[in-house]
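# Close look at the chain arrangement
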Amino acid sequence: MSIRIRILLPFFGALLLYGCATVKPWGKEGLADPIMIIDENPINAGIKEHFIDYREGAVGATGAESGGCGCG
Amino acid sequence: MQLGQQEQKAAVAGVVKKFALFFFLIFGSYSTDFAQLVPGNETQVNFSGYFDSFNVSVLYPSISITKKVSWSTSITGRYLVDLITAASIRNGYTGSTTTSNTSASKVDAVTAASGSSSGGSGDGLENPLPEFDEVRHEFNLGFAQSIAGGILTLDGLYSTESDYTSATIIGNYTQYFAENNASLQLGIVRSWDKVFPKTKDWKKNKNVITFNANFTQIISTKLIVQLLTTYTNNNGLLSDNYQLVPITIEGTDSLFDPVHPDLRIRRAAALSFKYRLFDKASVQLGYRYYWDSWNVKSNTISANYQMYLSKNLILGIGYRNNVQTQAFFFKPVYETPEQYMTSDIKLDSGHSNEVQLQLIIQGGKGVEFLPFLEDERVQYIFDLNFYSRLTDSPYWFNNKSNLFATNFNIGIRYRY
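Residues numbered from 1 in each chain as written. Chains lettered and ligands numbered in written order. Predicted model: local features only at pLDDT ≥ 70, side-chain atom pairs only at ≥ 80, totals over all residues.

On to the overall build of chain B, then. Summing up its helical and strand segments, chain B has two helices and 18 strands in all. Put simply, chain B has 416 residues, and 38% of those count as buried. Long-range pairs, those at least 24 residues apart, make up 60% of the contacts in chain B with a sequence separation of at least 6. (Helix = DSSP H or I, 4+ residues; strand = E, 2+ residues; numbered from the N terminus. Buried ≥ 20, exposed ≤ 12 C-beta atoms within 10 Å, placed from the backbone. Contact = placed C-beta atoms within 7 Å.)

Now the structure itself:
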């Protein structure tokens, strides 16, 4: 699979998902629950990502920011 | 070399153009009446630590303060300190080094960024406790602004230590669609790093530019899907000059400086699902594929389960597995010096496993007997991670293939 297709594939998938039925505001109470929020605590996520960056050759696509330490 | 730099610039310019076109196509055709909420007032203090079987210990306390200055603007300041024992290697090279092609003495060449010849992690009865002799300071200042149905964030980050500085600018824009059921976040990160190892008499640059595109979609009242992509261009000095390459020439062991290509294009794409299993629990499943111009490829899977033990207690249990291939120039043993060579174990093939435990205690009725927790705006966070990594060849310095590490975090979060 070419690199361009690999990059674009998630976006095609996203556009398909965009066509899905939307949840009305009154149906979102459960989604506001801390256990349903992705990256509920970005600072905490960054702390976890920080030490993985030192130990592995792969980085990125985690949604967390880390770096500034020459670890990459 | 000049041709290589021109190609590099052309590649980055191409990505910038595509990124900008994508940005205007998506955001130029949408508008929404929903004003988005910027982060609210919050103070968070974390005390984290890392300890591994290679005798590296790191303590990194941090404090973060977010202040909402108007309904549409908030600012954030953050300070983090890394206290490190021997930023890399401390306990004595097990090879029979007799000479070195570097300007460093044996101790400096194989020990830490600190350049210190003592200290380090506890190594027995003589030094039972770790001595932290390398310090990194990281400062972060940023703001978030609500703009016409989206949120713009800008952050500046500066990190400094005795042999490394990094200045970073991070910009993100998140646009919400479809009655806030979908969001697209586009981000750019630009870093200017300077490397000046204590064992060398030079200073070199490393430049990094990263583009992120993340899409989040609410599928139903129980399911959220997220797609994340990253493209990174690294150029300049990309090797760790404390990771020397041992080569035996005519019976004599020598240590050579690592030589990495000065350009690395890194890409990653990930898909993540968050699903509410039943009223009191959720599960998040993720998969990431990573590939780069050094031929490192990686597959990462993760699973995280969260459940309420009571109204105030959330338990999280996670698992993560990563499998990667080696860089095209990585070799367990080099017979002679080569154009590119490395002993950096991150570039070897291997796999890792991580088990994550988390306990969140939310203040309020039921836990008011604990300090500060009579206030429901207060939250305690406890994290404990167990990590193991097995590489296909042993680490040059201690001849071990297996790394075991423990990572903890104790945090207190106050939202008001």
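This part covers the overall build of chain A. Secondary structure summary: chain A contains two helices and zero strands in total. In chain A, which comprises 72 residues, the share counted as buried stands at 35%.

In this assembly, 36 residues from chain A lie in contact with 64 residues from chain B. Elements with a minimum of two residues in the side of chain A that touches chain B: helix 1 (3-18) and helix 2 (42-55) of chain A. A per-element tally of the side of chain A that touches chain B places helix 1 of chain A first, with seven residues. For the side of chain A that touches chain B, a count of residues per class yields 20 nonpolar, twelve polar and four charged. (Nonpolar A, V, L, I, M, F, W, Y, C, P; charged D, E, K, R; others polar.)

A few words on the pairing of strand 12 (residues 263-278) of chain B. Consecutive side chains of a regular strand alternate in pointing toward one face of the sheet and then the other. All names here are of chain B. Two elements, strand 9 (residues 223-236) and strand 12, share 13 bridges in a ladder whose sense is antiparallel. Bridging across to strand 12, Tyr231 finds its partner in Arg267. Note that strand 12 and strand 13 (residues 281-292) share twelve bridges and pair antiparallel. Its bridge partner lying in strand 13, Phe278 is registered against Ala281. Taken together, strand 12 and the strand that follows it, strand 13, pair antiparallel across an intervening segment of two residues. (Pairing = 2+ DSSP bridges.)

Before going further, it helps to spend a moment on the nonpolar core. Judged by nonpolar contacts, the single largest core of 20 residues is most densely connected at A:Ala58, A:Ala61, B:Ala268, B:Ala270, B:Val296 and B:Ala327. Every element with two or more residues in this core is listed here: strand 7 (182-195), strand 8 (204-220), strand 9 and strand 12 of chain B. The contacts of B:Val296, once residues within four sequence positions are left out, are A:Gly57, A:Ala58, B:Gln324, B:Thr325, B:Gln326, B:Ala327 and B:Leu347. Of all hydrophobic cores here, the second largest spans twelve residues; its members include A:Phe51, A:Ile52, B:Tyr50 and B:Tyr387. (Core = buried A, V, L, I, M, F, W, Y, C linked by C-beta atoms within 7 Å.)

Right, let's talk about the pairing of strand 11 (residues 252-256) of chain B for a bit. All names here are of chain B. Of the pairings in the sheet, the one linking strand 10 (residues 245-249) to strand 11 comprises five bridges and is antiparallel in character. Bridging from a neighbouring strand, Pro246 pairs with Leu255 of strand 11. Linking two consecutive strands that pair antiparallel, namely strand 10 and strand 11, is a turn of two residues; a positive phi of about 50 degrees is found at Glu250 within it.

Another point: the environment of B:Gln243. All names here are of chain B. In this structure, Gln243 sits in the loop between strand 9 and strand 10. With 15 residues separating them along the chain, Gln243 and Pro258 place their C-alpha atoms 6.9 Å apart. Look past the residues within four positions of Gln243 in its chain and what remains in contact with it is Pro258, Ser343 and Asp344.

This part covers unusual backbone geometry. Unusually for a residue other than glycine, A:Ala61 sits at a positive phi of about 55 degrees. For A:Ala61, the location among the structural elements is in the segment after helix 2. Judged by the 26 C-beta atoms lying within 10 Å of it, A:Ala61 is buried. Here the phi dihedral of B:Asn295 falls at roughly 75 degrees; this positive angle occurs in a residue that is not glycine. Relative to the helices and strands, B:Asn295 is located in the loop between strand 13 and strand 14 (297-310).

Now for the environment of B:Glu138. As for its placement among the helices and strands, B:Glu138 is situated in strand 4 (residues 134-147). Between the C-alpha atoms of B:Glu138 and B:Pro394, which are 256 residues apart in sequence, the distance is 32 Å.

Let us now look at the confidence of the model for chain B. Residue and element names in this part refer to chain B. Averaged over every residue, the pLDDT of chain B is 85; the share at 70 or more is 80%. The secondary structure element of chain B with the lowest average pLDDT is helix 2 (residues 106-110), at 32, and the one with the highest is strand 15 (residues 313-324), at 97. Counted against residues more than four places away or in other chains, residues 29-33, with its pLDDT under 50, gives seven contacts. When the criterion is pLDDT under 50, residues 88-125 qualifies, and its contacts beyond four places in sequence or with other chains add up to 96 contacts. Both scores are given for the predicted complex: the pTM is 0.83, the ipTM 0.79. (pLDDT = per-residue confidence, 0-100.)

This brings us to helix 2 of chain A. Taking 1.5 Å per residue as the helical rise, helix 2 of chain A with its 14 residues ought to reach 20 Å, and the 21 Å between its terminal C-alpha atoms agrees with that figure. By the burial criterion, the buried members of helix 2 of chain A are A:Ile43, A:Asn44, A:Gly46, A:Ile47, A:Lys48, A:His50, A:Phe51 and A:Ile52. Along its buried surface, helix 2 of chain A packs onto strand 1 (42-52), strand 2 (57-70), strand 17 (378-391) and strand 18 (402-415) of chain B. (Expected span 1.5 Å × (residues − 1).)

Here we come to the environment of B:Phe215. Topologically, B:Phe215 is positioned in strand 8. Measuring from C-alpha to C-alpha, the distance between B:Phe215 and B:Leu80 comes to 29 Å, with 135 residues separating the pair along the chain.

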